[in-house]
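As a plain string of letters, each chain reads:
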Amino acid sequence: MPPVAADARPPRLPHTRISAGFFWLGRVLLLIAVPLSILLLASGLALVIVRVGGDLRLGIDPLTSAAARPRLPLAEIAGRGVVMDALRQVLMALLVIGLAAWAGGGDWRRRLGLTRPAEPRAPMRRLWLLLPLWPLIHIAWVTTTAAALHMNFGNGVRLSPFLGPATLWLWFAFVVLLAPVAEELLLRGETFARASAFLGPAGTIVATALLFCLAHMSIDPGAKGALARPLTLLPLAITLGWLRWRTGRLWPCILLHGWSNFCLLAYQLGPSLLR
């Protein structure tokens, strides 16, 4: 009888394969549930804080029923919306850092891509070439997608007249700084680390890109309105994931995300501001 090879392995039993499949499915569901839970928790906390704080500032009892509440000025409503958006990003970033510290211990900065990776990665000299080209790529894709879906984009876009100077600057900081930092910490930071544990580089990039697009799903009625925003963000989402994998760092993702938002704002609001 010939000797058994030293590296021979017994065949995997059917129940073992089923268990492995359920385990993999559980990790996928957890990958979706964690960022969604953080987003919902941050949104809920921001809503409560802004409403209670705003009511106390105006001398309104926060527990007053909806029927008995006084009608708020339009400037107050617009201001609360901006403050809630900005606060949501701050809370989301804090929740992500807390979760990474709990999951990664003292190595949470490396987990989020905030320190130099352990293994050498490609230098990001090409990032500086990408930055001047990206507005053309992104705006061309967004306008083409919007036109294909018969969606309005860049026409007649104006800022709300009820935003004061301070609120306007806070909104600008939310779009260009707070949102890129918080969303990259969540998706290309913590979620990327979780996906990398059981998915390959391509799977991790695609998974985080899909979650990024899902988080920006429009609540407008109709299939076109719901799909427009995710489709316009798909190239950005893929590129951000590629940057995270290629460099092992988070700051290139934050930089490109903020630059992309700034250029899109300039394209949409520039004509109205120059009038």
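All of the points below concern the structure found in this document. What you are looking at is a predicted structure, and each value in this text was computed from that prediction instead of being measured.

1. Considerations on the packing of helix H5 (residues 165-196) against helix H6 (residues 201-215)
Here is step 1 of the chain: It is at 9 Å that the axes of H5 and H6 come closest, and there the two elements cross at 140°. Comparing the axis directions of H5 and H6 gives the class oblique. The hand of the H5/H6 crossing is right-handed. Counting all contacts with H5, which are made through Glu183, Glu184, Leu187, Arg188, Thr191, Phe192, Ala195 and Ser196, the residues of H6 involved are Thr204, Ile205, Thr208, Ala209, Leu211 and Phe212.
Here is step 2 of the chain: Partitioning the contact of H5 with H6 into residue classes produces seven nonpolar, four polar and three charged.

2. So, the side chain of serine 260
Here is step 1 of the chain: Structurally, serine 260 can be placed in helix H8 (residues 251-273).
Here is step 2 of the chain: What makes serine 260 buried here is its relative accessible area of 2%.
Here is step 3 of the chain: Among the polar contacts made by the side chain of serine 260, one reaches the side chain of tryptophan 134 at a distance of 3.2 Å.
Here is step 4 of the chain: Here serine 260 is in contact with Trp134, His138 and Leu236, once residues within four sequence places are set aside.

3. Notes on the nonpolar core
Here is step 1 of the chain: Judged by nonpolar contacts, the single largest core of 37 residues is most densely connected at Ile38, Leu236 and Leu256.
Here is step 2 of the chain: Going through the elements one at a time, helix H1 (14-58), helix H2 (74-104), helix H4 (125-148), H5, H6, helix H7 (223-247) and H8 are the ones with two or more residues in this core.
Here is step 3 of the chain: It is H2 that contributes the most residues to this core, six residues altogether.
Here is step 4 of the chain: Each residue touching isoleucine 38, except ones within four places of it in the same chain, is listed here: Met92, Leu95, Val96, Leu99 and Leu186.
Here is step 5 of the chain: Grouped together as the second largest cluster of nonpolar side chains are 10 residues, Ala78, Leu163, Ala179 and Leu269 included.

4. Points about H2
Here is step 1 of the chain: With 31 residues, H2 extends 45 Å from end C-alpha to end C-alpha; this agrees with the ideal 45 Å at 1.5 Å per step.
Here is step 2 of the chain: Within two residues after H2, glycine 105 carries a phi angle of roughly 65°, on the positive side.

5. Topic: the packing of H2 against H5
Here is step 1 of the chain: Direction vectors running N to C along H2 and H5 enclose 25°, while the axes themselves pass 9 Å from each other. Judged on the interaxial angle alone, H5 and H2 are roughly parallel. With respect to the hand of their crossing, H2 and H5 are arranged in left-handed fashion.
Here is step 2 of the chain: Class assignment of the residues belonging to the contact of H2 with H5 gives a composition of 18 nonpolar, three polar and five charged.

6. As for the packing of aromatic side chains
Here is step 1 of the chain: Taken as a whole and judged by the stated rule, the model has four aromatic pairs.
Here is step 2 of the chain: Taking the centre distance of 6.1 Å and the plane angle of 85° together, the rings of tryptophan 169 and phenylalanine 172 count as edge-to-face. Highlighted residues: tryptophan 169 and phenylalanine 172, both in helix H5, separated by three residues, approximately one helical turn.
Here is step 3 of the chain: Summarising the aromatic geometry, the rings of tryptophan 259 and phenylalanine 262 are spaced 6.0 Å apart at their centres and angled 20° between planes, so their arrangement reads as stacked. Highlighted residues: tryptophan 259 and phenylalanine 262, both in helix H8, separated by three residues, approximately one helical turn.
Here is step 4 of the chain: With a relative accessible area of 31%, tryptophan 259 lands in the partly exposed category.
Here is step 5 of the chain: Site record: aromatic cluster; members linked through ring pairs are Trp169, Phe172, Trp259 and Phe262.

Cut-offs applied
Residues numbered from 1 in each chain as written. Predicted model: local features only at pLDDT ≥ 70, side-chain atom pairs only at ≥ 80, totals over all residues. Heavy atoms only, no water. Axes fitted to C-alpha atoms, helices over the stretch in contact; angles between N-to-C directions. Helix = DSSP H or I, 4+ residues; strand = E, 2+ residues; numbered from the N terminus. Parallel < 35°, antiparallel > 145°, perpendicular 65-115°, else oblique. Left-handed = near helix turned anticlockwise from the far one by under 90°. Contact = heavy atoms within 4.5 Å. Nonpolar A, V, L, I, M, F, W, Y, C, P; charged D, E, K, R; others polar. Buried < 20%, exposed > 50% of the residue type's maximum accessible area, 1.4 Å probe, protein only. Polar contact = N/O pair within 3.5 Å; in protein donor to acceptor, adjacent residues only side chain to side chain. Core = buried A, V, L, I, M, F, W, Y, C linked by side-chain atoms within 4.5 Å. Expected span 1.5 Å × (residues − 1). Phe/Tyr/Trp six-rings, centres within 6.5 Å; stacked < 30°, edge-to-face > 60°.

Interpretation in functional terms is not warranted from these geometric data alone.
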